[in-house]
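Secondary and tertiary structure notes
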Amino acid sequence: MRRLGFSLAAACLATAMSVAGTGAARAAAAVPVTSGTHSSGRVTVRVDVSGPAIGQVGQHFIGLSVESGALRTRAPQLKNTGNLARLLANLGAGVLRFGGDTADDESFAGTSAATLRGLASLVRAAGWSVLYTENLGHFKAARVRADAKAVRRALGGNLFAFACGNEPDQYVPIGLRPPSWTVGDYLAQVNACYQAIRSIAPQAPLAGPDADYHRTLLASYARRDASTIDWYGAHYYPLGCRGLRAGTTASAATSMLSATTAEAEAARFDIYAGMAAIAGHPLVLTETSSACRGGIPDVSDSFASALWVIDYLLTGAEHGVHAMNIATGLSAACATYTVLCLHGDNEYFAQPVYYGLLLTRMLGTGRLVPVSIVQAWHQHITAFALRSGGRLRLLVENLDSAAAAVTLHVGSYRGTATADRLRAPSLLARSGVTIQERRVSADGSFSPGRPDTVTCAAAGCRLTLPGYSAALVKVPVG
């Protein structure tokens, strides 16, 4: 669980205010603290080892979102050749979503049989499935029926779901619909698309609305289509489309990693989770990344993005997000937020954010349990703990430039734990990212180096975290 910088003096104030019953106090008091004093640089992380589940991480928690246009422009890569299948498999049994603005282009009339065969071979080799978006922007029922039939036949059990349209709340601003177009009109049109799909694939799972942030549309859809869909999808880019408006890339990176940004992310997750609860279906962020329109140059494609995505994913899991599809390109245009960068004909290179996804995947699957942190007000340590059977794993991040001495309290365990560390030459490094001194191999495979040893005694497990780094700690709690 994310625990923001919180001094002991602030804790005392929050406790006093909580008694008074103010809303601000309740927000502050939500961060549990323990008594005692801690010098600068020292952090205490306490795991409620047998505590209740506060979130879940499943097999397809980490996925990717690609423009539907890639089904035309990147068809030679969308097959089981090169290293793409292995790079995907490293992240678990994820979902490869095809959507984005190009899904609603007038020119997007579906996908060729040859491309679908190649795609099927890719996702089967990777153990992934596909979320496929039909064209609602320029909807033609006959065309959707023919395309959906071909997609279902090619993908079979590797079809995660169909969706109809991308960000319908933006249809009027971008000219796909007239200003008079209403939410009611959208609901009628999207259901016509669903009916076209179900006419040839009655049991096919459906997802939507894949909207950005139109609360009326999101809520109306949740109520209207609760019995139609299987997955409730929404989009979110925490830094918006602002680019680097002012300041430096360093200030933009620290803003991305800030407590303020994290609080805004958690609030948005809660809103979306509430909508999904109305629909009665799991929440999937079907398209998301740090910033839209490709991200912020030299920030979204730097090591900062790897640290950010870990915290973002696991905060989402604690706030009701079932899965996330991180936006990526599949081309040789390797700027900004792309997860993978094409080199040569069929070889991809893992970008910094990929390493954050990979370390999160190494956390495993299971239930997230409560964590509390005591740290000085100027520090920024976050921690998440996952239980699965007799295993306890923690992801601890230092999102500040100064090193921190962290003490982990993990119940009564005494013995040895291990740590795999995520590091880079600097916060804004665009290369040289490693997990336990190892990089992803050219063939897409990955194996971390020998883990560090962490000794756990009565006083806890002692771990030193350099500035801007993360550690995956594995504790055999039994």
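Residues numbered from 1 in each chain as written. Predicted model: local features only at pLDDT ≥ 70, side-chain atom pairs only at ≥ 80, totals over all residues. Heavy atoms only, no water.

What follows deals with the overall build of the protein. Each helix and strand in the protein was counted, giving 12 helices and 22 strands. Relative to its 478 residues, the protein shows a buried fraction of 57%. Taking the contacts inside the protein whose residues are at least 6 apart along the sequence as the reference set, 79% of them involve residues at least 24 apart. Put simply, the protein shows about 17800 Å² of open surface, and 54% of that area lies on carbon and sulfur atoms. (Helix = DSSP H or I, 4+ residues; strand = E, 2+ residues; numbered from the N terminus. Buried < 20%, exposed > 50% of the residue type's maximum accessible area, 1.4 Å probe, protein only. Contact = heavy atoms within 4.5 Å. Areas by Shrake-Rupley, 256 points an atom, 1.4 Å probe, with all protein chains shown as cover.)

Now for helix α8 (residues 215-224). Every buried residue of α8 is listed here: L217, L218, A219, S220, Y221 and A222. Considering only its buried residues, α8 is in contact with α7 (183-200), β7 (206-211), β8 (231-236) and α10 (259-279).

Take the state of the cysteines next. Within the structure shown, the criterion is met by four disulfides. Across the disulfide from C241 sits C292; the S-S distance is 1.6 Å. Looking down the S-S bond of the C241 and C292 bridge, the torsion is -120°, so its handedness is left-handed. Separated by 51 residues along the polypeptide, C241 in the loop between β8 and α9 (249-256) and C292 in the loop between β9 (283-288) and α11 (303-318) bring together distant segments of the chain. The class of C292 is buried, set by a relative accessible area of 14%. Here the cysteine-cysteine linkages of the protein are recorded as 1-2, 3-4, 5-6, 7-8, numbering only bonded cysteines and doing so in sequence order. (Disulfide = S-S within 2.5 Å.)

Tracing the chain through its elements places T133 in strand β5 (residues 129-134). Of note is the side chain of T133, whose polar atom sits 2.7 Å from the backbone oxygen of F98. Residues contacting T133, with those up to four places away along its chain left out, are S68, R97, F98, G99, A103, F108, A163, C164 and G165. (Polar contact = N/O pair within 3.5 Å; in protein donor to acceptor, adjacent residues only side chain to side chain.)

As summarised here, the arrangement of the eight strands in space is β3-β4-β5-β6-β7-β8-β9-β10, forming a closed barrel in which the pairing is parallel. Averaged over all pairs of adjacent strands, the angle between their axes in this sheet comes to 25°, without regard to strand direction. Relative to β7, strand β6 (residues 159-164) runs parallel, the two sharing two bridges. Its bridge partner being in β7, A163 is matched across the sheet by A207. (Pairing = 2+ DSSP bridges. Axes fitted to C-alpha atoms, helices over the stretch in contact; angles between N-to-C directions.)

Summarising the model, the protein shows a mean pLDDT of 90, and 90% of its residues fall at 70 or more. Below a pLDDT of 50 lies the segment residues 2-40, which in the model reaches 57 contacts outside its immediate sequence neighbourhood of four places, other chains included. (pLDDT = per-residue confidence, 0-100.)

In this section: the environment of M324. Mapping M324 onto the fold places it in strand β10 (residues 321-327). Owing to a relative accessible area of 0%, M324 belongs among the buried residues under this scheme. Beyond its immediate stretch of four places on either side in the chain, M324 contacts F61, I62, G63, F269, L285, T288, Y312, L313 and G316.

Charged atoms that come close allow side chains of opposite charge to pair. Evaluation of the coordinates by the stated rule reveals nine salt bridges. Linking R86 and D443 is a salt bridge whose minimum nitrogen-to-oxygen distance equals 3.1 Å. Pair noted here: R86 is in helix α4 (residues 84-89) and D443 is in the loop between β19 (434-435) and β20 (452-457), with a separation of 357 residues, a long-range link. Given a relative accessible area of 42%, R86 falls into the partly exposed group. Accessibility expressed as a relative area gives 39% for D443, which makes it partly exposed. Three or more residues joined by partner-sharing salt bridges are found here, namely D298, D301 and R430. (Salt bridge = Lys/Arg side-chain N within 4 Å of Asp/Glu carboxyl O.)

The subject of this paragraph is unusual backbone geometry. Here G208 and P209 are connected by a cis peptide whose omega angle stands at 5°. Among the secondary structure elements, P209 is positioned in strand β7. In this structure, R293 is a non-glycine residue whose phi angle is positive, near 55°.

Running from N to C, α8 and α10 cross one another at 25°; their axes reach a closest spacing of 7 Å. Looking at the two axes, α8 sits roughly parallel to α10. Where α8 crosses over α10, the two elements pack in a sense that is right-handed. Contacts from R215, L218, A219, A222 and R223 of α8 reach α10 at I271, Y272, M275, I278 and A279. Looking at the contact of α8 with α10 residue by residue, the classes come out as eight nonpolar, no polar and two charged. (Parallel < 35°, antiparallel > 145°, perpendicular 65-115°, else oblique. Left-handed = near helix turned anticlockwise from the far one by under 90°. Nonpolar A, V, L, I, M, F, W, Y, C, P; charged D, E, K, R; others polar.)

The two faces of the sheet receive side chains in turn, since in a regular strand these alternate between them. Most of strand β16 (residues 391-398) sits inside the fold, with seven of its eight residues counted as buried. Of the pairings in the sheet, the one linking strand β15 (residues 381-388) to β16 comprises eight bridges and is antiparallel in character. Bridge assignment links S388 to a residue of β16, and that residue is R391. Counting the residues in the hairpin turn of β15 and β16 gives two residues, including G389, whose phi is positive at 60°.

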